[in-house]
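Residue-level listing of the chains:
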Amino acid sequence: MASEHGPQIKNDEMYEMLRDAGASKEKAARIANAQDNGTLNHDSRHLEDRTVKELYDEAQEIGIEGRSDMTKQELIDAIRDR
């Protein structure tokens, strides 16, 4: 396992697993660090089962721009693309 990510990645194993699964570097780092810090609070419901407000809040949390003009499906697609 590579550990050349630097000290900002707190859980190298989780980071590598997420990257191998196709997650972006940013997303993999956020999840790996959140899990290592014990702050990973993941809503396991399907995105389609969430309200527009819940999707908007998640999009805001992960920094998706233009979210206020998005439909529910656009929010779902944007979150999945992150």
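Residues numbered from 1 in each chain as written. Predicted model: local features only at pLDDT ≥ 70, side-chain atom pairs only at ≥ 80, totals over all residues. Heavy atoms only, no water.

### Here's the deal with the confidence of the model for the chain
When pLDDT is averaged along the chain, the result is 83, and 82% of the positions lie at 70 or above. For the chain, helix α2 (residues 25–37) is the element with the lowest average pLDDT, namely 77, and helix α4 (residues 72–81) is the one with the highest, namely 92. (pLDDT = per-residue confidence, 0-100. Helix = DSSP H or I, 4+ residues; strand = E, 2+ residues; numbered from the N terminus.)

### Overview of α4
What α4 keeps buried is the set L75, I76, A78 and I79. Along α4, the residues classed as buried sweep out an arc of 165° about the axis, all on the same side. In the core, the buried residues of α4 are packed alongside α3 (52–62). (Buried < 20%, exposed > 50% of the residue type's maximum accessible area, 1.4 Å probe, protein only. Arc of directions from axis to C-beta. Contact = heavy atoms within 4.5 Å.)

### Side note on helix α1 (residues 12–20)
Among the residues of α1, those classed as buried are M14, Y15, E16 and L18. The first or second residue beyond α1 is G22, which carries a positive phi of 105°.

### So, the pattern of salt bridges
A side chain with one charge may pair with a side chain of the opposite charge, provided their charged atoms come close. Applying the stated rule across the entire model yields six salt bridges. Across the pair R30 and E26 runs a salt bridge, and its minimum N-O distance is 3.2 Å. A residue pair is termed a helical-turn pair when its members lie 3 or 4 positions apart in one helix, as R30 and E26 do in helix α2 at four residues. With a relative accessible area of 32%, R30 lands in the partly exposed category. (Salt bridge = Lys/Arg side-chain N within 4 Å of Asp/Glu carboxyl O.)

### Quick look at the side chain of R50
With respect to the helices, strands and loops of the structure, R50 is situated in the loop between α2 and α3. For R50, a relative accessible area of 5% corresponds to the buried category. Within the structure, the side chain of R50 is placed 2.9 Å from the backbone oxygen of R45, a separation counted as a polar contact. At 2.4 Å, the side chain of R50 and the side chain of E58 are in polar contact. (Polar contact = N/O pair within 3.5 Å; in protein donor to acceptor, adjacent residues only side chain to side chain.)

### Notes on the nonpolar core
The biggest cluster of nonpolar side chains holds nine residues, and these are L47, L55, A59, I62, I64, L75, I76, A78 and I79. Elements with a minimum of two residues in this core: α3 and α4. Apart from residues no more than four positions distant in its own chain, L55 is found in contact with L47, R50, K72, L75, I76 and I79. Within the second largest apolar cluster, eight residues are counted, among which are M14, Y15, A23 and A32. (Core = buried A, V, L, I, M, F, W, Y, C linked by side-chain atoms within 4.5 Å.)

### Focus on a negative patch on the surface
On the surface, D69, E74, D77 and D81 cluster together to form a negatively charged patch. Tracing the sequence through the fold places D81 in helix α4. Its relative accessible area of 68% is what places D81 among the exposed residues. (Patch = residues over 30% accessible without salt bridge, like charges linked within 9 Å, V, L, I, M, F, W, Y side chains within 5 Å. Areas by Shrake-Rupley, 256 points an atom, 1.4 Å probe, with all protein chains shown as cover. Lys, Arg positive; Asp, Glu negative; His and termini not counted. Charge placed at Lys NZ, Arg CZ, Asp CG, Glu CD.)

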